[in-house]
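So you can see what is in the structure, the chains are spelled out below.
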Amino acid sequence: IKRTSKPIKQDKVNIGLIGAGNFTKSVILPNLQKVDGYELVGLCTATGVSANSVGKKYDFKYITTSSDEIFQNSEINSVFVTTRHNEHAKAVLNAIKYKKHIFVEKPLCIYEEELEAIKEAYDGSVIVQVGFNRRFAPLIEKLKKELANSSMSINYRVNAGIIPKDVWIQDREIGGGRIIGEICHFIDTCSFLIGSEVEEVIAFDITKSDKSIPDEDNVSILLKYENGSTATITYFAYGDSGMPKEYIEVFANGVSAVLNDFRELIIYKNGKKERTKTANQDKGFVNEFKAFKDAVKNGVDAVSFESIYNTTKTTFKILESLRRNKVIKVNSD
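As the structure is a prediction and not an experimental result, all values here were calculated from the model.

**Student:** Explain the packing of helix H1 (residues 22–32) against helix H8 (residues 285–298) to me, using residue names and the numbers behind them.
**Tutor:** It is the contact of H1 with H8, at a shortest axis distance of 8 Å, that shows an interaxial angle of 60°. Here H8 runs oblique to H1, going by the angle between their axes. Viewed along their axes, H1 and H8 form a crossing whose handedness is right-handed. Contacts between H1 and H8 involve Phe23, Val27, Ile28, Asn31 and Leu32 on the former and, on the latter, Phe285, Val286 and Phe289. Tallied by class, residues from the contact of H1 with H8 come to seven nonpolar, one polar and no charged.

**Student:** Explain the sheet that holds strand S12 (residues 255–260) to me, using residue names and the numbers behind them.
**Tutor:** Read across the sheet, nine strands follow the order S14-S13-S12-S11-S7-S10-S9-S8-S15 without closing on themselves; strand pairing throughout is mixed. Either end of the sheet is taken by a strand with one partner, and the two such strands are strand S14 (272–277) and strand S15 (328–329). Bridge count between strand S7 (residues 153–159) and strand S10 (residues 230–236): seven bridges; the pairing is parallel. The residue bridging Ser153 from the neighbouring strand is Thr230, located in S10. Relative to the sheet, helix H6 (residues 138–147) contacts strand S11 (246–251), S12, strand S13 (264–269) and S14, its axis offset from that of S13 by approximately 10°. Helix H7 (residues 178–194) rests against S7, strand S8 (198–205), strand S9 (219–225), S10 and S11 of the sheet, and its axis sits at about 150° to S10.

**Student:** Help me get a handle on the layout of surface pockets, residues and values and all.
**Tutor:** Using a probe with the size of a water molecule, rolled over the atoms, empty space left in the structure can be pinpointed. Roughly 1,000 Å³ of internal volume is contained in the largest pocket. Looking at the largest pocket, it is lined by 42 residues, and the ones nearest its centre are Thr24, Thr82, Thr83, Arg84 and Trp168. Elements with a minimum of two residues in the lining of the largest pocket: H1, helix H3 (67–71), helix H4 (88–97) and H7. Looking at which element gives the most residues to the lining of the largest pocket, the answer is H7, with five residues. Looking at the lining of the largest pocket, its residues break down into 15 nonpolar, 17 polar and 10 charged.

**Student:** I'd like a rundown of unusual backbone geometry, residues and numbers included.
**Tutor:** That bond from Lys106 to Pro107 is cis: its omega, 0°, falls within 30 degrees of zero. By the secondary structure assignment, Pro107 is in the loop between strand S5 (101–104) and helix H5 (112–121). For Lys99, which is not glycine, the phi torsion reads 55° and is therefore positive. Along the chain, Lys99 turns up in the loop between H4 and S5. Residue Asn270 is not a glycine yet carries a positive backbone phi of 55°. Tracing the sequence through the fold places Asn270 in the loop between S13 and S14.

Parameters and conventions
Residues numbered from 1 in each chain as written. Predicted model: local features only at pLDDT ≥ 70, side-chain atom pairs only at ≥ 80, totals over all residues. Heavy atoms only, no water. Axes fitted to C-alpha atoms, helices over the stretch in contact; angles between N-to-C directions. Helix = DSSP H or I, 4+ residues; strand = E, 2+ residues; numbered from the N terminus. Parallel < 35°, antiparallel > 145°, perpendicular 65-115°, else oblique. Left-handed = near helix turned anticlockwise from the far one by under 90°. Contact = heavy atoms within 4.5 Å. Nonpolar A, V, L, I, M, F, W, Y, C, P; charged D, E, K, R; others polar. Pairing = 2+ DSSP bridges. 1 Å grid on protein atoms, 1.4 Å probe; cavity = no way out; pocket = protein on both sides within 12 Å on 5 of 7 lines; lining within 4 Å. Points joined across faces, edges and corners; volume = space filled by probe spheres on them.

As structure tokens, this is what we get:
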């Protein structure tokens, strides 16, 4: 991945926000508000109806229905994109074109051709960050320090819950499906802990006679990393919602650890057990927005583009492995 220049440093982080759906209103904006140093300038939504209340509540300077107006505004140096998934790739390409730093909710894009177009356009002059918030969770950061970059094996179990087939996320052309739209999260977390990139992947889904949800919504994925580590991601839609959503086990050189739903971390080391509990579940949203702000101000990526590219490419290779029933190399070209 060629970088012909370094990211532009900015004294201020002036935001143009594209998209104001439920996730933006309930998660993005409330957590963004907790971080000093952001100036909310322009808000763009498809209709403008819901935008008025959001615009007033968060004191945006103006509201528009034209994303071009956001990208072409000279006051805005950073764009947040929280639209439906099929609009992400175009927004990222626009950000690179107009030299705007960009934070785009996951996924980066929903087709491999889009990923390659972004890779081709990317020159390193802007920060490109995807909403992989879990790597910024305090308990994940604590666990990472304990592992000290040794080779390891991770088991990541996700009790994801059902999303009906008629919801837009399940539409291949709008949401991309759950492997592209959600499992990218867990790949990124594993890659962060392991400190390497995925080299090969094989995946199997559960074949059910009841086709109310896609087979790929219940999937077992094995990732082999360049540094010799492995990660197994088991993602289930058809479990019971009473079970906590995420459970991670890590086995490294002389260290074992369990992270239970971002609420409790237990580290086993030298025959002893250290437990850390948090009062509230923290999946890293505030830290993620601090990291993006620092990246824009300092001109240094919080997450490398190479890592984002590898994670996104891996999701497409998981689908290919399911289709072809074999091990797939991530960087086969």
